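Residue-level structure breakdown
Spelled out, the chains give:
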Protein chains: 2
Amino acid sequence: MPQSTEISSLTINRLSVYLRGLRALQSQNIQRISSSEMARRFQLSAAQIRKDLAQFGELGIRGVGYDVSHLRQKLESQLGLDREHRAVIVGAGNIGTALARFPGLNSGSFKVVALFDNDPSRIGDDLGELKVSSSQDLKAVVRETGAEMAILAVPAEAAQENYEALADAGIKAVLNFAPVQIKERPETRVKTVDLLIFLEELASTLR
Amino acid sequence: MPQSTEISSLTINRLSVYLRGLRALQSQNIQRISSSEMARRFQLSAAQIRKDLAQFGELGIRGVGYDVSHLRQKLESQLGLDREHRAVIVGAGNIGTALARFPGLNSGSFKVVALFDNDPSRIGDDLGELKVSSSQDLKAVVRETGAEMAILAVPAEAAQENYEALADAGIKAVLNFAPVQIKERPETRVKTVDLLIFLEELASTLR
DNA sequence: GATTGTGAATAGATTCACAGCT
DNA sequence: AGCTGTGAATCTATTCACAATC
């Protein structure tokens, strides 16, 4: 039964987890798996997995389980990972350069195509495949490369204005590492990841 | 009315957001604020803010609002941020070194006291205040420094074993950046932050 | 016999709306 | 008059349990 209603972000995040697991299974040449076996492997409930998966059709075979490769393809297309997504990084400080070098961002469906900074002393620096470009060239580079996504790794004060520039350049989705609430425009989604909040959550368990 | 029941992690995360906002207010010398004004400033609902805050006592004054400084202290103590938390970083690769240099981790209640790697060629490298230490010294350094928290920034394959070593060394809470499900021990909490999952969530909106 | 897909039950989180203070 | 604290209502998510299917 195809989904009529929007899939929640909680579910989407679990799909990513399932996908990761399925890839691992495939590399071990495992072709079929049951929901309960998946549940055991990645600490979730079998009913939850079945509910999640049932949202986009009858993917499993009753009495048998799920076909690993078929399920993987289905999840990839559902998550929009069946094609390449080009991304730019804005901010060539610690986090920006670390992410630019992070292998996970250049394998699979994501590809970092540019790294921007507005500090003239950084422009031109070499990072493997990439050179640091001037923020002034943002619009042109986005147009040329067809980038749709951006990672925002600038200081908190500069986050909103850089978000605006990204939205103006036609970027559709932004992963923001600055610890501020970005005022969002309808055409450019933001997801903020605040590392301190994670640490604070952990600290609160240390009472 | 004091909380009898556990506070959910959703709530804890919002408390961090409130706290951040309160600090900003305080630096603008604002002494009192209402739930609706907080809601306006950081895009949340006023009722939610009141519910969250009411969990640990009658913090506000009816007809008036909340006292910024009092509320801030209360939240800090609730989140365990009224004292210093020492943390070690394991893994001096891209992400580990970026975090070691990240100012947010050394202001406020957190302090990075050591950075470990098991690659001999990296040991001894200088990073501002810190030198890269050998993973073999983990236990001793944790004992000497009194670190309670750790940031795990090693490759996926090495994450579980390093977690075990941290748990053995007496670390109580671990923020894990490796894209794997860590098998947790009761005495050492883990929070996994998987950057690819965030990107995948964004990508799924780009259909 | 095994395992999915799913309606019903439960649990959890958010919003509403208003009584109760200041 | 204004704003908090909170029970009740609503909405969302998870788990249960079993009929349907292979």
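To keep things clear, this report deals only with the structure shown in the data block. Predicted model, so just to flag it, every value in this text is computed and none were measured.

A short note on the protein's contact with DNA strand D
Close to DNA strand D lie 26 residues; Arg14 of chain A together with Ser35, Arg50, Arg62 and Tyr66 of chain B are nearest. Atoms of DNA strand D within 4 Å of the protein belong to the sugar or the phosphate in 60% of instances, the rest to bases. At 3.0 Å from a base nitrogen of DNA strand D is found a side-chain nitrogen or oxygen belonging to arginine 62 of chain A. The contact in question runs from a phosphate oxygen of DNA strand D to an N or O atom on the backbone of leucine 59 of chain B, over 3.0 Å. A per-element tally of the surface near DNA strand D places helix α3 (residues 46-54) of chain A first, with 4 residues. Residue classes in the surface near DNA strand D are distributed as 9 nonpolar, 9 polar and 8 charged.

With respect to the interface of chain B and chain A
The interface of chain B with chain A comprises 54 residues on the first partner and 52 residues on the second. Buried surface at the junction of chain B and chain A, summed over both partners, amounts to about 5000 Å²; 68% is from carbon and sulfur atoms. It is Arg20, Leu202 and Leu206 of chain B that lose the most area in chain B upon contact with chain A, and together they represent 13% of the buried surface on that side. Salt-bridge contacts for arginine 20 of chain B lead to aspartate 194 of chain A; the nearest nitrogen and oxygen are separated by 2.2 Å. Seen at the junction of chain B and chain A, the total is 12 residue pairs in polar contact (both at pLDDT 80 or more). Every element with two or more residues in the side of chain B that touches chain A is listed here: α1 (9-27), α4 (68-78), α5 (94-101), β8 (173-176), β9 (189-192) and α8 (195-203) of chain B. Sorting elements by how many residues they give to the side of chain B that touches chain A places α8 of chain B first, with 9 residues. Among the residues forming the side of chain B that touches chain A, the class breakdown is 27 nonpolar, 13 polar and 14 charged.

Let's talk about the protein's contact with DNA strand C
In the neighbourhood of DNA strand C, 24 residues make up the surrounding shell, with Ser35, Arg50, Arg62, Gly63 and Tyr66 of chain A lying closest. Among all atoms of DNA strand C positioned within 4 Å of the protein, those belonging to sugar or phosphate total 60%. Between DNA strand C and lysine 51 of chain A there is a distance of 3.0 Å, counted from a base oxygen to a side-chain nitrogen or oxygen. Between serine 45 of chain B and DNA strand C, the recorded distance is 3.3 Å, taken from a side-chain N or O atom to a phosphate oxygen. At the level of elements, α3, β2 (60-61) and β3 (65-67) of chain A together with α1 and α3 (46-54) of chain B are the ones that each hand at least two residues to the surface near DNA strand C. Among the residues forming the surface near DNA strand C, the class breakdown is 8 nonpolar, 8 polar and 8 charged.

Quick look at the environment of alanine 100 of chain A
All names here are of chain A. Following the sequence through the fold, alanine 100 ends up in helix α5 (residues 94-101). Given the relative accessible area of 10%, alanine 100 is considered buried. Spatially, the C-alpha atoms of alanine 100 and isoleucine 151 are 9.7 Å apart, while their sequence positions differ by 51 residues.

What counts and how
- Residues numbered from 1 in each chain as written.
- Chains lettered and ligands numbered in written order.
- Predicted model: local features only at pLDDT ≥ 70, side-chain atom pairs only at ≥ 80, totals over all residues.
- Heavy atoms only, no water.
- Near = heavy atom within 4 Å.
- Polar contact = N/O pair within 3.5 Å; in protein donor to acceptor, adjacent residues only side chain to side chain.
- Helix = DSSP H or I, 4+ residues; strand = E, 2+ residues; numbered from the N terminus.
- Nonpolar A, V, L, I, M, F, W, Y, C, P; charged D, E, K, R; others polar.
- Contact = heavy atoms within 4.5 Å.
- Buried area = accessible area lost by both parts, 1.4 Å probe.
- Salt bridge = Lys/Arg side-chain N within 4 Å of Asp/Glu carboxyl O.
- Buried < 20%, exposed > 50% of the residue type's maximum accessible area, 1.4 Å probe, protein only.

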